[in-house]
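As a plain string of letters, each chain reads:
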Amino acid sequence: MHLLFVFVSCLAFASCSVFNLHLQANVGELFTFKIEPQLFNWTHQVISEQFRYRPSLQHYPDLPTWMRYMYSHEYHAGFLYGTPPISTAGKSLNLDVIALNRQNYETRQLVISMFVAHKFITPNVVQMKIDNLNWVHLMDPGRVENLRNIFRKDLWPDSKDDLSVIFMESAINMGGRLPLRPQQREGVIVHVGSFAQFSPRLKELQEEVRPLYKLPSCTYKRTSVQKIFENVGFKLDWCAFKMIGIESPTEVLYHNNHGRVKEQLKEHRQQQLQREQERWLGIPREDVPMRNYIDEFAFAFAIPGMIFAVLVGILSAVLCFQHQKFSVHIDYPMSSTVQMVQCSDTKPMQPVTTLKSLKDPNFLLDNTSMRSQSPNNSLYQLESGATGIYARPKPPPYKGGTLGRNGVDI
């Protein structure tokens, strides 16, 4: 769908309607902007998810590095948000937003001219994670105002003049995990900052939650200010509640010592220039070394081939020696014992039992001898006339010996 959107936008770009808008952002302060159909003179929506938007930096395919675009299916609108860095102070930029109507594939263009105003970066920051909200819920100005009022009226009264949201991002984009249940909120990371010093109550709260920093998440923990946040619809993860600031008096830094701030900004710009100079630059394609695959294939097959040849030679030698050893045992002369088999003559009236040698050639030609190999043919039939009655062969005649005095056969 994204490819189709880009293709249709490219085809209709020359004939689509163009609208212009001027915005301003401040350095170190969260910038948010909602993209909705009314900006393109579209007043109604016929089908679900009818409009799609694709913002980008003018003449570039993507947005500035500090800006992010996300579409909300809950609000059916797109949102641009981000915090301009100090390097963008005093600069202007143009954004192109291409809108697509999926019902009739009409495209319209919105050109946003943005100026980034210079502002001193707040040195004291309170970081927190809200578990029961998504990133899109903090696009509501009412919720942001309720969050600021908690600090300006209760926890941080000295920040009522310059307290601002300086950072906001989804907990998923910051490395968090999606909730097990789809109905649960993803969570959002929020930073608020001011030039005022931290109040004693904030310092006590930090000491209260400091033992929880070693835990990844602790939504079960209740603090002394739990009810203050829950009354306006915020449930905080107190393991992520941290305060980052400077120890010097910030009022003096802001009101009476602008020169020191300018020096810090100057040093920061010098560091930025140094980083840009040290940035890695790509080399031409002609200077890229060519990879020789022939040597790598030869090296990959030569060593395994040599090892295989050595193993085959060792195995062949072992098998040859074993074969020679077997042949020595087989060449022994066979025993000269003559095996005799018992044969019976099937001639009527003369049951004669004979013994013949297996080495006798006439034994193989005699059918009677071939039949005598069967155990059934080794028996002779009685002459009593009863059919099917056989008896064992007659034993040889007994030759009795003489017994000595001690009963030993001599």
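In this text the structure is predicted, and so the values were computed from the model without any measurement.

> Even after reading the chapter, I still don't get the packing of aromatic side chains, so can you show me in this structure?
How two aromatic rings sit relative to each other is given by the distance of their centres and the angle of their planes. Here the structure, examined in full by the defined rule, presents 11 aromatic pairs. Summarising the aromatic geometry, the rings of Phe 79 and Trp 135 are spaced 5.9 Å apart at their centres and angled 85° between planes, so their arrangement reads as edge-to-face. Within this pair, whereas Phe 79 is found in strand 5 (residues 77–82), its partner Trp 135 is found in the loop between strand 8 (124–130) and helix 2 (141–155), the two being separated by 56 residues in sequence. Of the two residues examined, Phe 79 and Trp 135, each falls in the buried class. Members of the aromatic cluster, each reached through a chain of ring pairs, are Phe 40, Trp 42, Phe 51 and Tyr 53. Positioned over the ring face of Tyr 71 is Arg 52, at 4.7 Å from the centre of the ring.

> Would you mind showing me how to read the side chain of Gln 109 here?
Mapped onto the elements of the fold, Gln 109 is located in strand 7 (residues 106–117). Classification of Gln 109 by relative accessible area gives buried; the value is 6%.

> I keep staring at the environment of Val 116 and nothing clicks. Help me out?
Residue placement: Val 116 occurs in strand 7. Owing to a relative accessible area of 1%, Val 116 belongs among the buried residues under this scheme. Separated by 25 residues in the primary sequence, Val 116 and Lys 91 have C-alpha atoms spaced 5.6 Å apart. Setting aside its immediate chain neighbours within four residues, Val 116 contacts Ala 25, Val 27, Pro 84, Thr 88, Ala 89, Gly 90 and Lys 91.

> Hey, could you run me through the nonpolar core in this one?
Generally speaking, nonpolar side chains in soluble globular proteins are found buried as a group. Within the largest apolar cluster, 39 residues are counted, with the highest numbers of intra-cluster contacts made by Val 126, Phe 151, Val 190, Phe 229 and Phe 241. Taken together, the elements giving at least two residues each to this core come down to strand 5, strand 8, helix 2, strand 9 (164–170), strand 10 (188–194), helix 3 (200–209) and helix 4 (226–230). Here the element with the most residues in this core is helix 2; it accounts for four residues. Two domains each donate at least three residues to this core, and these are domain 1 (20–117) and domain 2 (124–253). What Phe 241 contacts, discounting residues up to four positions off in sequence, is Val 126, Gln 127, Met 128, Leu 202, Leu 205, Val 209, Tyr 213 and Leu 236. Among the nonpolar cores identified, the runner-up in size contains 20 residues, and Leu 63, Tyr 71, Val 97 and Ala 99 belong to it.

> What is the right way to read the sheet that holds strand 6 (residues 92–101) from this model?
Backbone hydrogen bonds are what pair the strands of a sheet, in a parallel or an antiparallel way. With respect to topology, four strands assemble into an open sheet ordered 1-7-6-3, the strand pairing being mixed. Two strands close off the open sheet at either side, each with one partner strand: strand 1 (17–26) and strand 3 (51–57). Strand-to-strand twist across the sheet, computed as the mean angle between neighbouring axes with direction ignored, equals 25°. Bridge analysis of strand 1 against strand 7 gives 10 bridges, and the strand direction is parallel. Along strand 7, the bridge assignment pairs Ser 17 with Arg 108.

> Help me understand the sheet that holds strand 5, please; the structure alone is not making it clear to me.
Here three strands make up an open sheet; going across it, the order is 2-5-4 and the pairing antiparallel. In this open sheet, the two edge strands, each paired with only one partner strand, are strand 2 (31–35) and strand 4 (67–72). Direction aside, neighbouring strands of the sheet carry axes that sit 20° apart on average. Of the pairings in the sheet, the one linking strand 2 to strand 5 comprises five bridges and is antiparallel in character. Bridging from a neighbouring strand, Phe 33 pairs with Leu 80 of strand 5.

> Is there a simple way to explain helix 3 in this structure?
Side chains of residues three or four places apart in an α-helix project in the same direction, reflecting 3.6 residues per turn. Every buried residue of helix 3 is listed here: Leu 202, Leu 205, Gln 206 and Val 209. One side of helix 3 holds all its buried residues, which, seen down the axis, span an arc of 100°. Exposed side chains of helix 3 directed beyond 90 degrees from the buried face belong to Pro 200 and Glu 204. Lining the buried residues of helix 3 we find strand 8, helix 2 and strand 11 (242–244).

> Would you mind showing me how to read a nonpolar patch on the surface here?
Together, Phe 299, Ile 303, Ile 307, Val 310, Leu 311, Ile 314 and Val 318 make up an exposed nonpolar region whose accessible area comes to about 680 Å². Mapped onto the elements, Leu 311 comes out in helix 7 (residues 293–330). Given the relative accessible area of 53%, Leu 311 is considered exposed.

> How should I be thinking about helix 2 in this particular structure?
Between the first and last C-alpha of helix 2 there are 20 Å, a value that for 15 residues agrees with the 21 Å anticipated at 1.5 Å per step. Here helix 2 has its buried residues at Leu 147, Ile 150, Phe 151, Arg 152 and Leu 155. Those residues of helix 2 that are buried are in contact with strand 8, strand 10, helix 3 and helix 4.

How each quantity is defined
- Residue numbers here run from 1 along each chain, matching the order of that chain's written sequence.
- pLDDT decides what is reported in this predicted model: residues at 70 or higher carry local features, side-chain atom pairs at 80 or more are listed and counted, and totals for whole chains, interfaces and linings draw on all residues regardless.
- Calculation of side-chain values draws on the structure's entire complement of heavy atoms; hydrogens and water are dropped beforehand.
- Pairing of aromatic side chains requires ring centres within 6.5 Å, counting the rings of Phe and Tyr and the six-membered ring of Trp. Pairs whose planes differ by under 30 degrees are stacked, by over 60 edge-to-face, and all others tilted.
- In DSSP terms, a helix is any run of H or I states spanning at least four residues, a strand is any run of E spanning at least two, and both are numbered starting from the N terminus.
- Think of it in three bands: residues with accessible area under 20% of the maximum for their type are buried, residues over 50% are exposed, and the middle band is partly exposed, with areas taken using a 1.4 Å probe on protein chains only.
- The criterion is that NZ of a Lys, or CZ of an Arg, lies within 6 Å of the ring centre and within 35 degrees of the ring normal, and then a charge sits over that ring.
- What makes two residues a contact is simply this: any of their non-hydrogen atoms within 4.5 Å.
- We define a nonpolar core as any set of buried Ala, Val, Leu, Ile, Met, Phe, Trp, Tyr and Cys residues linked to one another through side-chain atoms lying within 4.5 Å.
- For the domain bounds, the source is a domain assignment made automatically or taken from a database.
- Think of it this way: DSSP has to see at least two bridges between two strands before they count as a pair.
- Throughout, an axis means a line fitted to C-alpha atoms (over the contacting stretch in the case of helices), and angles, computed between N-to-C directions, take values from 0 to 180 degrees.
- In this context, the arc is that of the directions from the helix axis out to the C-beta atoms.
- What makes a patch is a set of residues exposed beyond 30% relative accessible area and free of salt bridges, joined within 9 Å when like-charged and within 5 Å when nonpolar (Val, Leu, Ile, Met, Phe, Trp, Tyr).
- Values of accessible area rely on a 1.4 Å probe in the Shrake-Rupley scheme; residue burial ignores everything except the protein chains shown.
- A pairing counts as a salt bridge when a side-chain nitrogen of Lys or Arg comes within 4 Å of a carboxyl oxygen of Asp or Glu.
- The span one expects for a helix is its residue count, reduced by one, times 1.5 Å.

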